[in-house]
Amino acid sequence: MLLFLSVPQPRPPGARTRPGAARVAWWRRQQLRRLRGLLRGLRGRPGAGSRRRGRMALCGQAAGAASLPSELIVHIFSFLPAPDRLRASASCSHWRECLFYPALWPQLRICLRVSPAEQPRLEFLMRKCGWFVRELRVEFAAENYLSGGGGPGDGSGADTGTGGEEVEALQLSTRWLEVLRTYLELVLCVLVSIRNNRNLQKFSLFGDISVLQQQGSLSNTYLSKVDPDGKKIKQIQQLFEEILSNSRQLKWLSCGFMLEIVTPTSLSSLSNSIANTMEHLSLLDNNIPGNSTLITTVELERFVNLRSLALDFCDFTAEMARVLTDSNHVPLQRLSLLVHNVSVMHKSLDNMPNDEHWKALSRKSTSLRVYIMAFDIKSEDMLKILKPSIPLERIHFDSYITCVSGAIVDLISRQYDKFLTHFILMNDVIDTSGFPDLSDNRNEDPLVLLAWRCTKLSLLAIHGYTVWAHNLIAIARLRGSDLKVLEVTEESIDFDQGELADQDVDPVHNLIEQVSLGLGQPWHAVMDIESLSVFTEPNRHFYREMQSFSEDI
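All figures in this text were calculated on a predicted structure; none of them were measured in a lab.

K.L.:
For this particular structure, what's the right way to read the pairing of strand 5 (residues 280–284)?
P.N.:
For a regular strand, the rule is simple: side chains alternate between the two faces of the sheet. Where burial is concerned, most of strand 5 is hidden: 5 out of the 5 residues are buried. Because side chains alternate across strand 5, one face comprises the buried residues His280, Ser282 and Leu284, and the other comprises Leu281 and Leu283, equally buried. Looking at chain direction, strand 4 (residues 252–256) and strand 5 are connected through 5 bridges and run parallel. Looking across to strand 5, one finds that glycine 256 is bridged to leucine 284.

Here you go:
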């Protein structure tokens, strides 16, 4: 632990003791002289002699920066952004000590590639800040390791026959094992560093394991190769429970898509006093087998001060809705629900809240808003889930196999016209020549009706569904400048034959011009899908949006 104390300067010989305000003014003049010397040293004024420059050097002995009190250096550092603080800390050891003063790092937000090169940097940073940081948000990203090209096994120079496929599968499996091994080490590094932090108020973890799941289930086969006896997984789970049991000020707990960290018994480690004051709880993990849930109805009864909640939809039961409407609970204001096809396959939708439960929740809190993320959900299941009384503000569809039907979009526009602000429609198909058309066999395009009925719509993002150019222009004109974000990928836009046959008008230029006029701002289609996380990283986008959605109370 570093202690920064102000050491009084010795009084000059013969100097008298200065009473009251005069003494304070004299001390301030002394500090200003030192600060001026520091600035002159930093500027390196031309023309000064070598002896003077040496005396005013950055780490000089007479009146340089090293002689400034630690409190003053910390105060100067507080005006600098984090990257500049790190650069300034390289000046001298005294500044480096002041860099990690707790007041300078109340929050720490880290986005890590799952790479062995990140581990020493993470260990250094967490060793310095982990014991006092008040807000810690860590995101793990594994996509760089599972990209298709740039390394061995990407198909370059490999056989195209059966032997080449086996070699590629083996190399891909090796990369999976490397990612898992590094992932566990990085998680352990984070948890060990904050195990005794009693100042922690916000704790958020996101693990991008979905990249592995897209190629195949992250089964125990791969995990058993990395952690044969399960010791690391058990250590991670024990550390997480230890952090919860040691917490004294925790108000925000968020864990999304993390591998084997949260268990159905983890929340029991929280004391009643902390559970009673918790304001946000987010437990998103679709890998819990069978009918197990990360939080039970009995456990939820302890969180009487909860204002925002994020859960798997199959875990949010009618009994939980009843608990949240009790008089001893504060009104819930934000509810984020993840509907995943894996959970729907293994868990039942029979226990979900009915329309009466949603009415009771809305009566309890008139400001309640709901955010739903649906991964590959069949239309018949969505019809069961979308109750009329849900105060649905945001909905995000992401599909790889099952496409959203026009009937679902029409239902959403009719039931949630007073609340809906964000609508994202994503279909990650490989064959771009056959995008589904929601307007087939319909008099009106459901997307146009959505823009017409939902007067609060401010964000619309579409990829993998056919959007006709004239309908896109209609959407822009209907919503105008209120539609702040309109993201449509270029390959999703199609033109009528009449528009293409007109030789006098460039259909693409006309589309851009008309949509820009309708929105009242410059617009163009998304040419590079990789530039938008809403299309390429749906899990991460949903998690970040859920965080901001919950903070916006």
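K.L.:
Just checking my understanding: could you explain the sheet that holds strand 1 (residues 107–113) for this structure?
P.N.:
Pairing between sheet strands relies on hydrogen bonds along the backbone, with the strands arranged either parallel or antiparallel. Pairing is parallel across the open sheet formed by 12 strands, whose spatial order is 1-2-3-4-5-6-7-8-9-10-11-13. Edge positions in the open sheet fall to strand 1 and strand 13 (485–488), since each of these has one partner strand only. Along the sheet, successive strands turn relative to each other by an average axial angle of 5°, direction set aside. Note: strand 3 (residues 202–207) against strand 4, 5 bridges, orientation parallel.

K.L.:
Got a minute to help me understand unusual backbone geometry in this structure?
P.N.:
Leaving glycine out, the prevailing phi sign among residues is negative, and the prevailing peptide bond configuration is trans. The backbone of phenylalanine 257 sits at a positive phi, close to 60°, despite the residue not being glycine. By the secondary structure assignment, phenylalanine 257 is in the loop between strand 4 and helix 11 (272–277). Residue classification places phenylalanine 257 among the buried residues on the basis of a relative accessible area of 3%. In this model, aspartate 376 sits at a positive phi of 50°, which is unusual for a non-glycine residue. Looking at where aspartate 376 falls in the secondary structure, it is placed in the loop between strand 8 (369–375) and helix 16 (379–385).

K.L.:
Would you mind going over helix 17 (residues 406–415) with me for this structure?
P.N.:
An α-helical turn contains 3.6 residues, so any two residues separated by three or four positions project in the same direction. Helix 17 sits mainly inside the fold: 7 of its 10 residues count as buried. Within helix 17 the residues assigned to the buried category are Gly406, Ile408, Val409, Asp410, Leu411, Ile412 and Ser413. Against the buried residues of helix 17 lie helix 16, strand 9 (392–399), strand 10 (422–427) and helix 18 (446–453).

K.L.:
What is the right way to look at the side chain of aspartate 376 in this model?
P.N.:
No salt bridge is formed by the buried aspartate 376. Its closest oppositely charged neighbour is lysine 378, at 10 Å. Of note is the side chain of aspartate 376, whose polar atom sits 2.9 Å from the backbone nitrogen of threonine 402. Non-local contacts of aspartate 376, meaning those with residues more than four positions away in its chain, are made with Asn341, Asp398, Ser399, Tyr400, Ile401 and Thr402.

K.L.:
Would you mind going over the side chain of serine 204 with me for this structure?
P.N.:
Checked against the element boundaries, serine 204 lands in strand 3. Not counting chain neighbours up to four residues away, the residues in contact with serine 204 comprise Leu136, Arg137, Val138, Ser254, Tyr543 and Gln547.

K.L.:
Please explain the pattern of salt bridges as it appears in this structure.
P.N.:
Proximity of charged atoms lets side chains of opposite charge pair with each other. This structure, assessed with the given rule, holds 23 salt bridges. Measuring nitrogen to oxygen at the nearest pair gives 2.9 Å for the salt bridge that ties arginine 453 to aspartate 410. Within this pair, whereas arginine 453 is found in helix 18, its partner aspartate 410 is found in helix 17, the two being separated by 43 residues in sequence. Arginine 453 gets classed as partly exposed once you look at its relative accessible area, which sits at 22%.

What counts, and at which threshold
- Residues numbered from 1 in each chain as written.
- Predicted model: local features only at pLDDT ≥ 70, side-chain atom pairs only at ≥ 80, totals over all residues.
- Heavy atoms only, no water.
- Buried < 20%, exposed > 50% of the residue type's maximum accessible area, 1.4 Å probe, protein only.
- Helix = DSSP H or I, 4+ residues; strand = E, 2+ residues; numbered from the N terminus.
- Pairing = 2+ DSSP bridges.
- Axes fitted to C-alpha atoms, helices over the stretch in contact; angles between N-to-C directions.
- Contact = heavy atoms within 4.5 Å.
- Lys, Arg positive; Asp, Glu negative; His and termini not counted.
- Salt bridge = Lys/Arg side-chain N within 4 Å of Asp/Glu carboxyl O.
- Polar contact = N/O pair within 3.5 Å; in protein donor to acceptor, adjacent residues only side chain to side chain.

Geometry only, nothing functional implied.
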